[in-house]
Amino acid sequence: SQEKKRKKEGPSKLTFEQIGGQDSAKQELREALDFMVRHEEIQKFGIRPLKGILLTGPPGTGKTLMAKAAAHYTKSVFIAASGSEFVEMYVGVGAGRIRDLFKDARTRAIKEKKENAIIFIDEIDVIGGKREGGQQREYDQTLNQLLTEMDGIYSSDAPRILVIAATNRKEMLDSALLRPGRFDRHIEVDLPDKKGRKHILELHAKNKPLHAEVVLDKIADESYGFSGAQLESVMNEGAIYAMRENMNLIEQRHLSMAIDKVMLGEKTDRESND
Ligand code: ATP
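Rules used in this analysis
Residues numbered from 1 in each chain as written. Predicted model: local features only at pLDDT ≥ 70, side-chain atom pairs only at ≥ 80, totals over all residues. Heavy atoms only, no water. Core = buried A, V, L, I, M, F, W, Y, C linked by side-chain atoms within 4.5 Å. Buried < 20%, exposed > 50% of the residue type's maximum accessible area, 1.4 Å probe, protein only. Helix = DSSP H or I, 4+ residues; strand = E, 2+ residues; numbered from the N terminus. Contact = heavy atoms within 4.5 Å. Axes fitted to C-alpha atoms, helices over the stretch in contact; angles between N-to-C directions. Left-handed = near helix turned anticlockwise from the far one by under 90°. Near = heavy atom within 4 Å. Polar contact = N/O pair within 3.5 Å; in protein donor to acceptor, adjacent residues only side chain to side chain. Areas by Shrake-Rupley, 256 points an atom, 1.4 Å probe, with all protein chains shown as cover. Nonpolar A, V, L, I, M, F, W, Y, C, P; charged D, E, K, R; others polar. Salt bridge = Lys/Arg side-chain N within 4 Å of Asp/Glu carboxyl O. Expected span 1.5 Å × (residues − 1).

K.L.:
Hey, could you go over the nonpolar core for me, with residue numbers and the actual values?
P.N.:
Residues Phe102, Ile124 and Leu146 are the most contacted members of the largest nonpolar core, which totals 27 residues. Listing elements by their share of this core, those giving two or more residues are strand S2 (77-82), helix H5 (93-111), strand S3 (116-122), helix H7 (141-151), strand S4 (160-167) and helix H8 (175-178). The element best represented in this core is H5, accounting for five residues. Setting aside chain neighbours within four positions, we find Leu146 in contact with Ile98, Phe102, Ile121, Ile124, Ile127, Leu177 and Phe183. Counting residues in hydrophobic clusters, the runner-up holds 24 residues, among them Ile19, Met36, Leu55 and Ala166.

In structure tokens:
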């Protein structure tokens, strides 16, 4: 079942060092997390605990990686879910799953003797989207349950829960989600700039035999507008081209070919969607 699948995930081993580029997003997130773990002082000063962080930005830029790194950084239990898991035909099923998600997080944190749990909800817009015509949907059960669970998070009782949500459609979100005490901290995870692209390429080249003459800086130049996920594909496709030619090493041209392939792939995807 859903719960079993999650149990298999285990602790997050992913660190911020394994995320390429995104310097300011990583910095902002780390600052928020540093604040979150100072719960004794937070209580002393009567500060509202940080309950929700919203990661926004295009697909494949590393939002999931950020949430996993956050769990590793704070030694938290990590539980991931996607907004689409909560969409059900029958009223109340989605709300029940939200309740289970939070229960699961608490149970696991206690069992694994962790003080914190991070719940990651990808595609939050699926459950927290605005109603047509700006109609409020406070009464929507699934969203309501999420808000109720978040309102019930206090810094005094361990395990403490932090919800990290991701969306690439921030403007679609219902304002009830963005209110203070809910997802009130927003971090932009944008497409990487050239330096970021090079860093991401380097990270994904680590386990690959690159020819000594390969200049990743050039590949970073040629891959303008690519996301981290697309850059990962470039390294992977480049390796496949080299292997097909029975080469021992990946050469520059293999990676240039891979860029074209990834770019073309994206284009045909888009065309077939139209
Ligand atoms: P989506 O919005 O589609 O869920 P996302 O922003 O959550 O995407 P991830 O799932 O974190 O993106 O990234 C997908 C894959 O792309 C990662 O597993 C990784 O291989 C690669 N990737 C993306 N961004 C980065 C990055 N900044 N550094 C290194 N690898 C990255």
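K.L.:
Kindly report on the packing of helix H2 (residues 23-36) against helix H4 (residues 63-73), identifying the contributing residues and their values.
P.N.:
Taken N-terminus to C-terminus, the directions of H2 and H4 make an angle of 40°; their axes are 11 Å apart at the nearest point. The handedness of the crossing between H2 and H4 comes out as right-handed. Contact residues: H2 offers Ala25, Lys26, Leu29, Arg30, Leu33 and Asp34, while H4 offers Met66, Ala70 and Tyr73.

K.L.:
Explain the site of the ligand to me, and be specific about the residues and the numbers.
P.N.:
Neighbouring the ligand are 17 residues, the closest being Gly20, Gly60, Lys63, Thr64 and His204. A distance of 3.2 Å is found between an oxygen atom of the ligand and a backbone nitrogen or oxygen belonging to Leu65. Protein contact buries 78% of the 630 Å² of open area that the ligand shows by itself. For the shell around the ligand, the elements supplying multiple residues, two or more each, are H4, helix H9 (194-205) and helix H11 (228-244). Of the residues contributing to the shell around the ligand, the split by class is five nonpolar, nine polar and three charged.

K.L.:
How would you sum up the pattern of salt bridges? Please name residues and give values.
P.N.:
Counted according to the given criterion, the structure contains 14 salt bridges. One salt bridge in this structure joins Arg38 and Glu41, with 2.7 Å as the shortest N-O distance. Among the residues examined, Arg38 registers a relative accessible area of 46% and is labelled partly exposed. With a shortest N-O distance of 3.1 Å, Asp151 and Arg182 are connected by a salt bridge. Here Asp151 is found in helix H7, whereas its partner Arg182 is found in the loop between H8 and strand S5 (183-188), with 31 residues between them in sequence. Look at Asp151 and you get partly exposed, because its relative accessible area is 34%.

K.L.:
I'd love a proper account of H9, names of residues and values included.
P.N.:
Under the 1.5 Å per step criterion, the end-to-end length of H9 is 16 Å for 12 residues, consistent within 8% with the ideal 16 Å. Residues of H9 that are buried in the fold lie against helix H10 (216-222) and H11.

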